[in-house]
Structure formats: structure tokens, C-alpha cells
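Here is what each chain is made of, one letter per residue.
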Amino acid sequence: TEENKRQYVQLMCEHKMTHSVKPQIDAFLQGLHEIVPPTLLSIFDDKELELLISGLPDIDIEDLRANTDYHNYTANSEQIVWFWNA
């Protein structure tokens, strides 16, 4: 009904994003905790951890272009030229 639509969407999102993948999340965490103890991870917030794992969000396009390996294409292929022009 219209009255419980918000609650329904909330519960469906929660199920799809957490409960339905709980075994995978648990396996990931078990492996992660074998490498990095939870006590060390707990000192970082989500943004700090993302920065440590992924690095800075800036992408050097020229560096990316210079170090790209093409398979079944060349740097002069029409699709590749379109890609770099975008």
C-alpha cells in the first residue's frame, strides 16, 4: 500500500544489498582479516580506507594513454580514437 511503500523499499534494498550476499561478505571479511587484523582497520573511516586501498581519485589521462595495451585494436583504430577524444 501507499502507507508502507517507503518501508517496503527500505527493506528490499537492505535485503538485496546485505542479506542476500552475506556469505560472500563474510568470506571477503574473513580473508581480509587474515591479512589485516580488524583492530587495525577500525582506526580508519570509510573514506580513509578507500584512499589507502585505491589511492587518489585523480586519473592522469596521458599516462593512461601512454601505458594502454591494445588487443585486436591499435592506437589509430577508429573506436580507440573516439574513446580518447571523449
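Okay, so let's go over this structure.

Basis of the calculations
Residue positions are given per chain, counting from 1 as you read along its sequence in written order. Two thresholds apply to this predicted model, a pLDDT of at least 70 for residue-level local features and 80 or more for giving and counting side-chain atom pairs, whereas whole-chain, interface and lining totals are computed over all residues. Computation of side-chain values: all heavy atoms of the structure, hydrogens and water removed. Helix numbering and strand numbering both begin at the N terminus, where a helix is a DSSP run of H or I of at least 4 residues and a strand a DSSP run of E of at least 2. Restricting the calculation to C-alpha atoms gives the radius of gyration, and the globule rule supplies 2.2 Å times the number of residues raised to the power 0.38. With a 1.4 Å probe rolled over the protein chains alone, any residue whose accessible area is under 20% of its type maximum counts as buried; one over 50% counts as exposed, and the rest are partly exposed. Areas reported here follow the Shrake-Rupley algorithm with a probe of radius 1.4 Å; residue values treat only the protein chains shown as occluding. Side-chain atoms alone can form a polar contact between residues adjacent in sequence; in general such a contact is a pair of N or O atoms within 3.5 Å, and within protein one must be able to donate a hydrogen while the other accepts it.

Remarks on the overall build of the protein chain
The number of helices and strands found in the protein chain is six helices and zero strands. Going from the N terminus to the C terminus, the protein chain shows its helices and strands as α-α-α-α-α-α. Expected size for 86 residues packed as a compact globule is a radius of gyration near 12 Å; at 21 Å, the protein chain overshoots this value by more than 25%. The principal-axis extent of the C-alpha atoms belonging to the protein chain is close to 55 × 45 × 25 Å. Relative to its full complement of 86 residues, the protein chain shows a buried share of 5%. Only carbon and sulfur atoms are counted for the fraction: they give 59% of the accessible area of the protein chain, which is about 8200 Å².

Some words on the environment of aspartate 45
As for its position among the elements, aspartate 45 is in the loop between α3 (38-41) and α4 (46-54). Classification of aspartate 45 by relative accessible area gives partly exposed; the value is 41%. Within the structure, aspartate 45 has its side chain in polar contact with the backbone nitrogen of lysine 47 (distance 3.1 Å). Within the structure, the side chain of aspartate 45 is placed 2.8 Å from the backbone nitrogen of glutamate 48, a separation counted as a polar contact.

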